[in-house]
Amino acid sequence: MSQEITRFKESKDQLFQPVKFEEPRGVFVSTYGCQMNVNDSDRMISLLEMLNYTPVQQPKDAALIIINSCSVREKPVHKVHSEVGRYRKLKLTKPDLLVGVAGCVAQQEKDQLLKDLPAIDFVLGPDNIDSLPEIVSKLHKAPEERLSAARFKHQEAYHVQTLVQNPGVSTFVNITKGCDNFCTFCVVPYTRGRERSRPYKQLVEDINKLTSRGVKEVTLLGQNVNSYTSDCGVNFANLLKGLCEDTDIKRIRYSTSHPKDFTEELIKISADYRDKICEFIHLPVQSGNTEILAKMNRGYSREDYLEKVDKIFDYLPGASLSTDIIVGFPGETEQQFNDTLSLIDRVPYESIYAFKYSPRPFTKAAKWEDHLSEEEKSDRLHRLFEKHKIIAHKLCEKYDDQEFEVLVEKRDEDRGNWSGRTTHNKVVNFVGGENLVGKFVKVKILKAFPLTLRGEFVSEY
Ligand code: 5AD
Ligand code: SF4
């Protein structure tokens with residue numbers, strides 16, 4: 001295996017000739033992290049179809065393996081090393097196998113990954129996904145090469161967006177990429193670059209294409225969707241309104257929101273178009289204590305956050321909320337942690353995603369000295385989850401015996417269930433009815449659990 005690493009440069013469009021394999025070849029993608037990574041993996045698979053790759057479920061059946069990594073939390077580099085270790089053994093029996101690392105770890109580590117792990121043939125940053133067919137074609141023609149593609153493309157707006165060719169009933173659409181907020185704990189601005197928004201007209205066109213392929217629901221994705229600003233000055237609230245009016249999409253979700261940019265205009269538009277804009281808002285608070293929020297550089301206080309939550313319920317009394325929380329941020333006292341506990345008493349979150357703080361490279365907070373011990377962080381996380389478990393059980397009782405509109409996404413043949421979601425993002429598993437995938441149906445809830453609802457089919461809409 002060659003140790004030479006080449007910086008990948010895109011050919012001009014007309015010079016690039018993708019290889020086209022006569023027989024289909026397997027691609028296995030291992031995906032970590034957020035919805036954006038899930039969408040990036042789907043887009044990679046769609047792009048590779050151009051070369052005649054087809055997705056497989058097992059690494060042993062693949063001619064190409066891509067690890068789409070995440071570096072937001074945990075020990076991401078470590079995970080990549082151990083997964084590549086497994087594929088190194090596979091390469092001994094399949095010398096033509098190509099292995100690539102994509103996503104935020106690839107962006108963060110770049111050539112270092114190729115230097116440390118000779119079994120990797122290429123690294124691919126999140127800004128370079130559209131170059132994947134060219135990279136794989138190059139490696140096929142020159143298998144001794146090792147390519148590094150982790151350059152940010154500093155376009156003003158980002159235009160290239162590969163839509164997934166075979167989307168399901170519900171799919172993702174990126175509206176922004178990157179982030180300019182520099183929360184002091186977060187590596188994303190360093191791995192995904194500066195924030196860029198996609199042009200409004202292009203989003204309308206994409207969503208029209210998706211609806212013509214059978215999509216009923218889209219989730220608009222961005223690190224901070226609320227700061228979307230199009231080339232023609234359309235803000236996020238008006239993007240939602242425009243998509244409701246100018247496309248045939250039936251339902252719109254979005255993630256992730258930033259409380260500092262979550263405006264009353266957006267809440268009003270969500271209420272006006274509640275037949276299409278889902279009544280579910282993921283609003284990461286991170287901490288219930290104003291001093292910690294300031295140290296995190298979040299741009300809002302506990303009171304500001306609570307005011308926004310109250311506004312949401314003024315306009316949308318039936319809304320469902322979820323949040324992200326970090327426990328054990330550097331210097332967090334027991335009293336400051338108690339403020340987070342009291343916040344979850346005050347805000348009726350149906351689900352919370354809570355994490356122990358972990359220092360990330362390049363970030364400000366990683367350089368501070370007042371880090372808490374692992375035991376303290378684990379203890380706080382445990383107490384937070386225990387408290388929320390009781391709250392979530394109480395909150396879900398309101399769904400019992402009610403009827404809801406459900407968009408049916410799939411059938412689970414083993415259990416004989418249909419599965420879909422309500423506007424509140426509650427997963428509903430139910431029995432009864434025929435040929436329901438892609439349809440809106442009325443379901444009566446028989447038993448509500450904190451994460452899922454169980455019910456029976458009533459009628460089609
Ligand atoms: N430590 C722990 N959690 C983090 N998150 C982001 N960075 C860190 C970190 N360094 C969490 C935040 C964010 C979610 C996607 O991941 O809660 O909202
Ligand atoms: Fe990270 Fe903060 Fe940007 Fe979210 S808003 S991606 S937490 S820097």
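Residues numbered from 1 in each chain as written. Chains lettered and ligands numbered in written order. Predicted model: local features only at pLDDT ≥ 70, side-chain atom pairs only at ≥ 80, totals over all residues. Heavy atoms only, no water.

A. View of the site of ligand 1. Lining the immediate surroundings of ligand 1 are Val72, Arg73, Phe185, Gln286, Asp324, Ile326, Phe355, Lys356, Tyr357, Ser358 and Arg360. With respect to ligand 1, the side chain of Arg73 contributes an N or O atom lying 2.6 Å from an oxygen atom. One of the backbone nitrogen or oxygen atoms of Phe185 is found 3.0 Å away from a nitrogen atom of ligand 1. Out of a free accessible area of 400 Å², ligand 1 has 86% covered by protein chains. Looking at the shell around ligand 1, the elements that each hand over two or more residues are strand E14 (320-327) and strand E15 (349-356). (Near = heavy atom within 4 Å. Polar contact = N/O pair within 3.5 Å; in protein donor to acceptor, adjacent residues only side chain to side chain. Areas by Shrake-Rupley, 256 points an atom, 1.4 Å probe, with all protein chains shown as cover. Helix = DSSP H or I, 4+ residues; strand = E, 2+ residues; numbered from the N terminus.)

B. Spatial organisation of the sheet that holds strand E20 (residues 452-460). A barrel is described by the order of its strands in space; here 5 strands give the closed sequence E16-E17-E18-E20-E19, paired in mixed fashion. Within this sheet the neighbouring strands show an average axis-to-axis angle of 55°, counted without direction. Bridge analysis of strand E17 (residues 417-421) against strand E18 (residues 427-431) gives 4 bridges, and the strand direction is antiparallel. The partner of Gly420 across the bridge, within E18, is Val428. (Pairing = 2+ DSSP bridges. Axes fitted to C-alpha atoms, helices over the stretch in contact; angles between N-to-C directions.)

C. Structural context of the site of ligand 2. Taken together, Cys179, Asn181, Phe182, Cys183, Phe185, Cys186, Val188, Pro189, Gln223, His258 and Arg298 make up the full set of residues near ligand 2. Looking at the shell around ligand 2 residue by residue, the class counts come to 7 nonpolar, 3 polar and 1 charged. (Nonpolar A, V, L, I, M, F, W, Y, C, P; charged D, E, K, R; others polar.)

Everything listed is a geometric property; what it means functionally is a separate question.
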